[in-house]
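Tertiary structure, described
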Amino acid sequence: MFTLIVQNSFKTSFLGFLFSFSLFPVFSVFAQDCPTVEAIMVDACGTEQLNEFVIVDSGGGFDVDDFQFTFNPTNTGGSTNKNVNIGFDSCGLTNGDESLYTGCTNIFSAGPGDSIPPNSYVVFQTSNNADANYDFSSLCADDKCIYVIANACERTIGAFTNKSGTGIRQNFLSIAGTECVDEASYFREDLISNSDGNYFLPPNTYGVDLPDRCTSPPVPDLPPVSPSFNFETSLCTSETNDFDFPNASIEGIIGTWSPAFDETQNQTYTFTPNPGECGQEVSIEIIIFQEEIPAFSFSTTRCEDETFELPSTSDNGIAGEWNPALVDGTTTSYAFTPFEEECAEIIEIEIDYLPIEEPIFTIEENICEGENIELASVSDNGIPGQWSPEFDNQNSGSYVFTPDNQCFPEFSINIDVQESIVFEFDLDNEVCASDADEFELPNSSINGFSGTWTPDFNPEISTTYTFIPEGVNCFEVFSLPVEIISAETPVFNLPELVCEGDFVELPSESENGIQGSWNTDFDVNNSAIYSFTPDEEECANEVNVNIEIIETIVPNFNLPDEVCENQDFELPTLSENEISGTWSPAFGQAENEVYTFTPLEEFCATTTSVNIQLIPDVTPEFDLPEQICAGDSLLLPTNSINGIAGEWSPVFNPNETETYTFTPTSETCLIDSIERTIEVVNFELNFEDLSTTKCSDEVLDLMAEFDLTNLANQINFQDLDYLMSFHVSENEAIENLSALPDVFVATESNQNVFLRVEDENSGCFIIEPIELEVEFIPGPFPEELYLEDCVISQDNFSQFFDLTSVESELNEGVSQLSSFEIDYYTSEIGAIEADSNQLISNPSNYLSQTSTENLDDQVFIRITNTASEQECFELVLLDLSVATVPEIEFDTLLAVCRDEANESDLASFDLTSIFIENIDDTNVEAKFFLNEEDLEAGNAIENPTNFQNTTNPQSLFIQLNNQGSSCSIETKLTK
């Protein structure tokens, strides 16, 4: 819509200028680690003079009583608007109201008498009785501690001037008794905004265009406070009893320690500040050192007149001092105390003082050659020392004992070594037990020394005997071990029983190697006892052997004269009179039918022969087929062609290949059984999941082509040697007449054909009915549908379409459309194959793929009859197009000047003059309408180039049409 106006002519002019300037404020800190102003809430929320505040970084910390703040002089008029805590006439401080600030867990009220810790934020409320709430979440997001103090006076004017006018506003923070002074001044005209919540951040940040209003200004984060401690972290075990953790850090942060102190091991302990304390957790490792024991290697035994200075450092490096420091014979107890820096125990050492005395020894001065005596390293009176030279028990000599301690004199002794006599004997160490009673030990040695033996000789036991000489002092002891040898019994491997006439040789040496002789020769006919006597040099006993002569017997057998060839027959290895033996040859291998039995050696028996005839077996004969068709009957005869009666097993099965056994029932020499295998020809075919259902070729037409060759290949899945054909009737299939072509056209929804399958090798065949089913495809539907969208001219013409809006057009020809499944795909092949990758998942809000005006985008609609076995479907093409609405510039207000001679409000208008460009050069058609009713009815003004208005002003309607599409735009204009 546009407006037409008739108006008077006029001229307008104006003059204006803009002048502005800005200066950077001064920001100074005069002492290191002093508190600093971080932010000033210039334009407060709520009542201005009550709710302004200053955010201060506490630096190294300060006492609230020393906090001072000086306002700009223009902001200090009146008794309650004075500076705070500075000068003779000023306002004092009081506890701040922390409840006004939300979003914090560690915010506390502070006031006179309190101390502010380092690295904390302080909110200075510039007036008492503040009442506006602020969100401080950003200020204390990391659980920083914030302390709130307040002016004790309730201000009646603002402490800080807002953005109105120009000029500098100077403010000073100072700490009494220090050089800490911080100036935070700003220029009013540089404040960006005049809205509540605007702030100033020294040195030159003047807020934002649209402040967050009642929130904390964006001050920087403070560094975290790490508690520190000054206790020792390395402790001796003796110091652990007095150790305890401090409950507060050097910075005054109160907290707890975990785990509990363990004096037995090294451990890392964690200090956790209490809730409300401003500090981080810290961990400290405490090392427990075990106290060492000082070790000294000096001698604790001293001469009674000796002086000795004790060492100030132990052998293991521990320094300390002795009490007393000198060993001089005045005391026996000395204490060593390690210095404080040493982790070591105090020890005491006892000193023994030796009196001066001579060593005393009890030593034999006359010894025999080779005799060993001990030269003790400690004298009888307890004096240790060394002997020299080394003791020699073969030669006489003089020996000197030198004490280890110089407190004692040396001791000397002479030792005389006498020669030892060796006794000579010619004796045997072994005595046979049978000779022991006659054995004696001689009373004199070969070299003429008389004596006795100890113990006395005992012929029952083996032991050692020692010769004791008479009248001799130095001699070598002669000892004789005597072993009593037990008499051995000869062992022979001779038979106790010997067959009559067999000879046995009697050996002159036993199995265990004893030589000797027998009392008589062996007698082959009579039983006898034979005695063996060992030779004299043998330590052995006499032995007797009893040999019995056994009479010879003949084996008896009860055997048949004839045996069938297939009979399970064996020659017995044990005779009727219980004689074991072997047969030769093996049964069935004797050419002359004679078999000989040979008894085993342990039997006194003779060999025996028997005659047995082997009768050949008769085999039943039958004329049976090797192969039959499945289902054919066959009678298995119970009498063979050669007249042998018998029985078959198992029972005949006409459907499975089987091996049958014939067992004769006659008593003649026959074979046990015979076997015959009869093959039953079965067909290995597959009738599962056949492609016997198809969709109709046309809508509403029950006609479909079936590939019978492919169907036959599915059935004969193993590609066996079968002849396969399809027939219209069962009789034609049986007679193998009128086979159907490879491609068969079914014209009924359910139609039977008959399959004949014949085995090429056997001629067997079967007939199977096959049902062919034809299902309708959905329809009929239009071949092509269209959707168009109008847009304002743009670079990319991709638009969102509701594809489902065309389903009403699909429903016009098909009443059961709601029972079908409708899907949308981006390509025809995707729709045919129902490809999920090309399926449009949200068809009601589909973005077209064409980005150029008037170029069609194609979508394929797949309508599926899901109730059909084959899910028969039909495709419909949907064309999508995007066109622009007419776009041409025109004025919505058309005005002409009133003629001074004609004061009428009516005039003639060329409506087409509203267009800034020539509409004839575009693809746009313009139509004008008197009212909205004419616009809807399409009744356009017939002569728009010479239109006469009827009212002043008068509104008309204009419609612009894109001649290349159905896109148009309407608006209203005024004249």
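Relevant structure appears above.
Residues numbered from 1 in each chain as written. Predicted model: local features only at pLDDT ≥ 70, side-chain atom pairs only at ≥ 80, totals over all residues. Heavy atoms only, no water.

Right, let's talk about the overall build of the chain for a bit. From N to C terminus, the chain includes six helices and 67 strands. Relative to the 2.2 N^0.38 estimate, which gives 30 Å for 975 residues, the radius of gyration of the chain is 68 Å and therefore markedly larger than a compact globule would have. Per-residue burial over the chain gives 38% buried out of 975 residues. When contacts within the chain are restricted to residue pairs at least 6 apart in sequence, long-range pairs at least 24 apart make up 58% of them. Surface accessibility of the chain: about 54900 Å² in total, with carbon and sulfur atoms responsible for 44%. Of the side chains in the chain, 17 bear a positive and 180 a negative charge, and the two mean positions are spaced by 51 Å. (Helix = DSSP H or I, 4+ residues; strand = E, 2+ residues; numbered from the N terminus. Rg over C-alpha atoms; globule rule 2.2 N^0.38 Å. Buried < 20%, exposed > 50% of the residue type's maximum accessible area, 1.4 Å probe, protein only. Contact = heavy atoms within 4.5 Å. Areas by Shrake-Rupley, 256 points an atom, 1.4 Å probe, with all protein chains shown as cover. Lys, Arg positive; Asp, Glu negative; His and termini not counted. Charge placed at Lys NZ, Arg CZ, Asp CG, Glu CD.)

Among the secondary structure elements, Q125 is positioned in strand β10 (residues 121-125). Relative accessible area serves as the criterion here: at 2%, Q125 is assigned to the buried category. Of note is the side chain of Q125, whose polar atom sits 3.1 Å from the backbone nitrogen of D97. (Polar contact = N/O pair within 3.5 Å; in protein donor to acceptor, adjacent residues only side chain to side chain.)

Across the sheet, which stays open at both edges, the four strands sit in the order β50-β55-β54-β52 with mixed pairing between neighbours. Edge positions in the sheet fall to β50 (693-695) and β52 (722-727), since each of these pairs with one other strand and no more. Pairwise comparison of adjacent strand axes, ignoring direction, gives a mean angle of 25° for this sheet. Pairing of strand β54 (residues 750-759) with strand β55 (residues 765-775) involves nine bridges; the strand directions are antiparallel. Bridging across to β55, Q751 finds its partner in L772. Along the sheet, helix α2 (residues 708-715) makes contact with β52, β54 and β55, crossing β52 at roughly 135°. (Pairing = 2+ DSSP bridges. Axes fitted to C-alpha atoms, helices over the stretch in contact; angles between N-to-C directions.)

This structure, assessed with the given rule, holds two salt bridges. A salt bridge links D89 to K82; the shortest N-O distance between them is 2.5 Å. Between E758 and R756 there is a salt bridge, with its nearest N and O atoms 3.1 Å apart. R756 shares its class with E758; the two are buried. (Salt bridge = Lys/Arg side-chain N within 4 Å of Asp/Glu carboxyl O.)

Moving on: the packing of aromatic side chains. Considering all chains together, one arrives at 63 aromatic pairs under this definition. One aromatic cluster is present, formed by F229, F231, F243, F245, W257, F261, Y269 and F271 through successive ring pairs. Cation over ring: R155 sits above F71, and NZ or CZ is 4.6 Å from the ring centre. The residue whose ring lies beneath R862 is F873, and the NZ or CZ to ring-centre distance is 3.7 Å. (Phe/Tyr/Trp six-rings, centres within 6.5 Å; stacked < 30°, edge-to-face > 60°. Lys NZ or Arg CZ within 6 Å of the ring centre and 35° of its normal.)

Strand order in the open sheet formed by four strands is β18-β21-β20-β19, and the pairing between neighbours is mixed. Edge strands, defined here as strands with exactly one partner in the open sheet, are β18 (234-236) and β19 (255-258). On average, each strand axis in the sheet is tilted by 30° relative to the strand beside it, whichever way the strands run. In terms of strand pairing, strand β20 (residues 267-273) meets strand β21 (residues 282-289) through five bridges, oriented antiparallel. Counted as the bridge partner of Y269 is I284 from β21.

To continue, consider the nonpolar core. Judged by nonpolar contacts, the single largest core of 32 residues is most densely connected at I40, V54, F67, F69, F124, I149 and F160. Only β2 (36-41), β3 (53-57), β5 (67-70), β10, β12 (146-151), β14 (172-175) and β16 (186-187) provide two or more residues apiece to this core. Residues contacting F124, with those up to four places away along its chain left out, are E52, F53, V54, F67, F69, F71, V84, L93, I149, A150 and N151. Of all hydrophobic cores here, the second largest spans 24 residues; its members include C45, I107, F136 and L139. (Core = buried A, V, L, I, M, F, W, Y, C linked by side-chain atoms within 4.5 Å.)

Burial along strand β51 (residues 704-707) is one-sided: the residues A704 and F706 are buried and none of E705 and D707 is. Strand direction decides the pairing type here: β51 and strand β53 (residues 743-746), joined by four bridges, are antiparallel. Bridge pairing links D707 to V743 in β53.

Along the chain, S584 connects to P585 via a cis peptide bond; the corresponding omega equals -5°. The topology assignment puts P585 in the loop between β42 (581-584) and β43 (594-599). Look at the link from N952 to P953: it is a cis peptide, with omega at -5°. Following the sequence through the fold, P953 ends up in the loop between β65 (947-948) and β66 (954-962). At N736, a position not held by glycine, the phi torsion is positive, near 60°.

What follows is about the state of the cysteines. Inspection of every chain in the model, using the stated rule, returns nine disulfides. There is a disulfide in this structure between C91 and C153, and the S-S distance comes to 2.1 Å. On the sign convention where negative means left-handed, the S-S torsion of about -105° between C91 and C153 marks this disulfide as left-handed. Placement of the pair is C91 in the loop between β5 and β6 (93-95) and C153 in the loop between β12 and β13 (168-169), with a sequence separation of 62 residues. (Disulfide = S-S within 2.5 Å.)

On the surface, a cluster of negative charge is contributed by D426, D428, E430 and E483. Locating E483 in the fold gives a position in strand β36 (residues 478-485). (Patch = residues over 30% accessible without salt bridge, like charges linked within 9 Å, V, L, I, M, F, W, Y side chains within 5 Å.)

With that settled, consider the environment of E154. Counting through the fold element by element, E154 comes out in the loop between β12 and β13. E154 gets classed as partly exposed once you look at its relative accessible area, which sits at 38%. The sequence separation of E154 and L50 amounts to 104 residues, and the corresponding C-alpha distance is 7.1 Å. Ignoring any residue separated from it by four or fewer positions in sequence, one finds E154 in contact with L50, T80, S127, N128 and N129. At 2.4 Å, the side chain of E154 forms a polar contact with the side chain of N129.

Counting buried positions along strand β61 (residues 873-884) gives nine out of twelve residues, so the element sits mostly inside the fold. The sheet contact formed by strand β60 (residues 857-864) and β61 spans eight bridges and is antiparallel. Looking at the pairing, F860 lines up with L877 of β61.

Position of S185 among the secondary structure elements: in the loop between β15 (181-183) and β16. At a separation of 3.5 Å, a polar atom in the side chain of S185 contacts the main-chain amide nitrogen of N171. In this structure the side chain of S185 is engaged in a polar contact, spanning 3.0 Å, whose partner is the side chain of E183.

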